[in-house]
Amino acid sequence: MRLVALPPNADGIVRGALQIEPSPGWITYWKEPGDAGIPPQLLVSPGTEVGLRKLDYPVPKRIDNGSLRDIGYDHPVTLPFELSMKTAKSPLKVVVSAFIGLCRNICIPFQADFTLTLTSLEATPVQEAIVLATAQATLPEAQSTDFAVTHYRLTGNQKLHLKLKIPPATTAPPQVIVTGPHGYAFFGSENGRREGDEYLLDVAIEKLPEGYHIQGKRWGILVIAGDRAMETSLAFN
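Residues numbered from 1 in each chain as written. Predicted model: local features only at pLDDT ≥ 70, side-chain atom pairs only at ≥ 80, totals over all residues. Heavy atoms only, no water.

**Digging into the confidence of the model for the protein**
For residues with low pLDDT, the predicted coordinates do not support detailed interpretation.
Phase 1 of the analysis: Confidence in the prediction for the protein averages 91 pLDDT; 98% of positions are at 70 or higher.
Phase 2 of the analysis: Across the protein, the secondary-structure element scoring lowest on mean pLDDT is strand β6 (residues 61–65), at 88, and the one scoring highest is strand β18 (residues 228–236), at 97. (pLDDT = per-residue confidence, 0-100. Helix = DSSP H or I, 4+ residues; strand = E, 2+ residues; numbered from the N terminus.)

**Thoughts on the sheet that holds strand β7 (residues 68–73)**
The pairing of strands in a sheet comes from backbone hydrogen bonds and takes either a parallel or an antiparallel form.
Phase 1 of the analysis: Taken in spatial order, the 3 strands line up as β3-β7-β6 in an open sheet, and their pairing is antiparallel. The open sheet terminates on both sides in strands that have one partner only, identified here as β3 (28–34) and β6. Here the average twist between neighbouring strands, direction ignored, is 50°.
Phase 2 of the analysis: Sheet topology places β3 next to β7; 3 bridges connect them, and they run antiparallel. The partner of Gly-34 across the bridge, within β7, is Asp-70. (Pairing = 2+ DSSP bridges. Axes fitted to C-alpha atoms, helices over the stretch in contact; angles between N-to-C directions.)

**Some remarks on unusual backbone geometry**
Phase 1 of the analysis: For Asn-191, which is not glycine, the phi dihedral falls at a positive 55°.
Phase 2 of the analysis: Mapped onto the secondary structure, Asn-191 falls in strand β15 (residues 189–195).

**Overview of the environment of Arg-218**
Phase 1 of the analysis: Mapped onto the fold, Arg-218 is located in strand β17 (residues 217–225).
Phase 2 of the analysis: A relative accessible area of 57% means that Arg-218 is categorised as exposed.
Phase 3 of the analysis: For the pair Arg-218 and Asn-237, spaced 19 residues apart in sequence, the C-alpha separation works out to 8.7 Å.
Phase 4 of the analysis: A distance of 2.9 Å separates the side chain of Arg-218 from the side chain of Ser-233, its partner in a polar contact. (Buried < 20%, exposed > 50% of the residue type's maximum accessible area, 1.4 Å probe, protein only. Polar contact = N/O pair within 3.5 Å; in protein donor to acceptor, adjacent residues only side chain to side chain.)

Set out below in structure tokens:
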């Protein structure tokens, strides 16, 4: 693993990236790992003037390993992140811990600590900026006029009915991953079919935490269609 970071901007935001390179045959995980695994995490040392603002995840793939269904990466992957500085103090040293899971036949937790010296610079380091720009290009896009969730409904038999607008050039059925409560991912698509310029399918919601009420909750959804991917949220009001 490597950690790359740009100097803080005028608002005290530090843009960076966590680079993970699994050895051949090994995988690491998306933010929801599927049936097993450990999602990547970044932790900033407590007591400092720096906090983690967000951690983004490139488009993953479904990886079947026997009866286990994983969601992750079987290739080098770069996760963009942002830190926020509470003060403009510079230079400022901060320790960032990266915690990931690596899996082949068994899953192994792995942690590395990185010390960053955050110093304001007049010029942006070119090599680091290229790494971050390349990583941003691997993230899912937002909803748009030609790629969106146009309707969704969860029924009492635990089926999530979806209606999607997918890019016109898409020929293969889209892959859908729904993320519910933390630690839950659903990606068993059923009854997929085209209706005009839309695609309809059902996702089985296999189980939820005991006593869980969906009213007022917000779930995530990732749709992969051909060489494009879109991520948005589903609000259950």
